[in-house]
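Coordinates in review
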Amino acid sequence: MCGPLSLARQVFQIEGMRGLYVGLFSTWLKYSPGGFLYMFAYESSRYVLAKDKQRRDQVGPIKTMISGAVAGISFYLVMYPLDVVKSRIQILSTTNNSMGIWQTGKEIWYTGGARHLYKGLSAALLRTSVGNGVFFVVYEYSRKFLLQYLK
């Protein structure tokens, strides 16, 4: 059986506890400022799309979906290179050739330029625009329902 627990056990047996945390620092670097950017883009786009004197919960599902897509796209446009570096670090750790974030990023830049730091971005943007659009519609309407239900 090859599930997440068996994979974690295998990584632990081969690389020890450190193997379970490979790429964690670059993930933190990605999501710390990225989370701020993500929510800022979402709330800003909802504000821009709202009509005069319209409350945020009155924006509607289409504009909410657009705002979610804007949030996801903004996040990936800025943070995608860090994701590429993180993935490269994780892959290199399996071959005992792992390097730090800065070294890995420089290597990617020198071997392929900015183009390699954004390789696969179009698929990520398509996925994130749809996924985040749906996510925020479900979130906002679930929130609205629960707030009315709990009154």
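Let me sum up the structure you'll find in this document. Not measured: the values here are computed from a predicted model. (Residues numbered from 1 in each chain as written. Predicted model: local features only at pLDDT ≥ 70, side-chain atom pairs only at ≥ 80, totals over all residues. Heavy atoms only, no water.)

1. Considerations on the nonpolar core
To keep it simple, the criterion reads: In plain words, nonpolar cores are sets of buried Ala, Val, Leu, Ile, Met, Phe, Trp, Tyr and Cys residues tied together by side-chain atoms within 4.5 Å. The classification of residues rests on relative accessible area computed with a 1.4 Å probe and restricted to protein chains. Under 20% of the type maximum is buried, over 50% is exposed, and intermediate values are partly exposed. Helix and strand definitions follow DSSP, with helices as H or I runs of at least four residues and strands as E runs of at least two, each counted in order from the N terminus.
Core analysis: the biggest nonpolar cluster contains 18 residues, and A71, Y76 and Y80 have the highest contact counts within it. Within the residue set of this core, elements represented by two or more residues are α2 (24–49), α3 (61–93) and α6 (121–149).

2. Here we look at the packing of α3 against helix α4 (residues 101–112)
Angle between the axes and distance between the axes are the two parameters that describe a pair of packed helices. As a reminder, the rule being used: An axis is simply a line fitted to the C-alpha atoms; with a helix, the fit covers only the stretch in contact. Between two such axes, the angle follows the N-to-C directions and lies from 0 to 180 degrees. Any angle between 65 and 115 degrees counts as roughly perpendicular, while under 35 counts as roughly parallel, over 145 as roughly antiparallel, and the rest as oblique. Here a residue-residue contact requires only that any non-hydrogen atoms of the pair lie within 4.5 Å. Residue polarity is assigned by list, with Asp, Glu, Lys and Arg as charged and Ala, Val, Leu, Ile, Met, Phe, Trp, Tyr, Cys and Pro as nonpolar; anything else, Gly included, falls into the polar class.
The contact between α3 and α4 brings their axes to 9 Å, and the two run at 105°. It follows that α3 is roughly perpendicular to α4 by the angle criterion. Of α4, the residues touching α3 (which contributes L82, V84, V85, R88 and I89) are I101, T104, G105, E107 and I108. Along the lines of polarity and charge, the residues of the contact of α3 with α4 split into 6 nonpolar, 2 polar and 2 charged.

3. Some words on a nonpolar patch on the surface
Rule in force here: The residues that make up patches have over 30% relative accessible area and no salt bridge, and they are joined within 9 Å when like-charged or within 5 Å when they are Val, Leu, Ile, Met, Phe, Trp or Tyr. Here the accessible surface of atoms and residues is derived via Shrake-Rupley with a 1.4 Å probe, and residues count as covered only by protein chains that are part of the display. Salt bridges are defined as contacts in which a side-chain nitrogen from Lys or Arg sits within 4 Å of a carboxyl oxygen from Asp or Glu.
Taken together, M65, L126, V130, V134 and V138 make up a surface patch of nonpolar side chains, about 450 Å² in accessible area. Ranked by residue count, the leading element in the nonpolar patch is α6, at 4 residues. Within the secondary structure, M65 is located in helix α3.

4. Quick word on the packing of aromatic side chains
The cut-off we apply is this: Aromatic pairing here means that ring centres of Phe, Tyr or Trp (its six-membered ring) are within 6.5 Å. Orientation follows from the plane angle: under 30 degrees is stacked, over 60 is edge-to-face, and everything else is tilted.
Taken as a whole and assessed by the stated rule, the structure comprises 11 aromatic pairs. Each ring, one from F135 and one from Y139, has its centre 6.3 Å from the other, and the planes form 15°; the classification is stacked. With F135 and Y139 both in helix α6 and 4 residues apart, the pair spans about one turn of that helix. Counting every residue linked through ring pairs, the aromatic cluster contains Y38, Y42, F75, Y76, Y80, Y118, F135, F136 and Y139.

5. Re α6
What counts, and what does not: Any helix carries an expected span of 1.5 Å times its number of residues minus one.
If you check α6, its first and last C-alpha atoms are 40 Å apart, about what 29 residues at 1.5 Å a residue would give, namely 42 Å. Those residues of α6 that fall on the buried side of the exposure criterion are L121, A124, L125, T128, S129, N132, G133, F136, V137 and E140. Those residues of α6 that are buried lie in contact with α2 and α3.

6. Some points on the environment of F12
Examined against the element boundaries, F12 turns out to sit in helix α1 (residues 4–15). Along the sequence, F12 and K144 sit 132 residues apart, while their C-alpha atoms lie 44 Å from each other. Sequence-distant contacts of F12, that is, excluding residues within four places in its chain, are made with M17 and L20.

7. Regarding the pattern of salt bridges
Taken as a whole and assessed by the stated rule, the structure comprises 2 salt bridges. D83 serves as the salt-bridge partner of K86, at 3.6 Å between the closest nitrogen and oxygen. With K86 and D83 both in helix α3, this residue pair falls 3 residues apart, about one helical turn. Residue class for K86 comes out buried when judged on its relative accessible area of 15%. A salt bridge links R88 to E107, with the shortest nitrogen-to-oxygen separation between them at 3.6 Å. Here the residue R88 occupies a position in helix α3, and E107 occupies one in helix α4, the gap between them amounting to 19 residues. By relative accessible area, which is 30% here, E107 ends up partly exposed.

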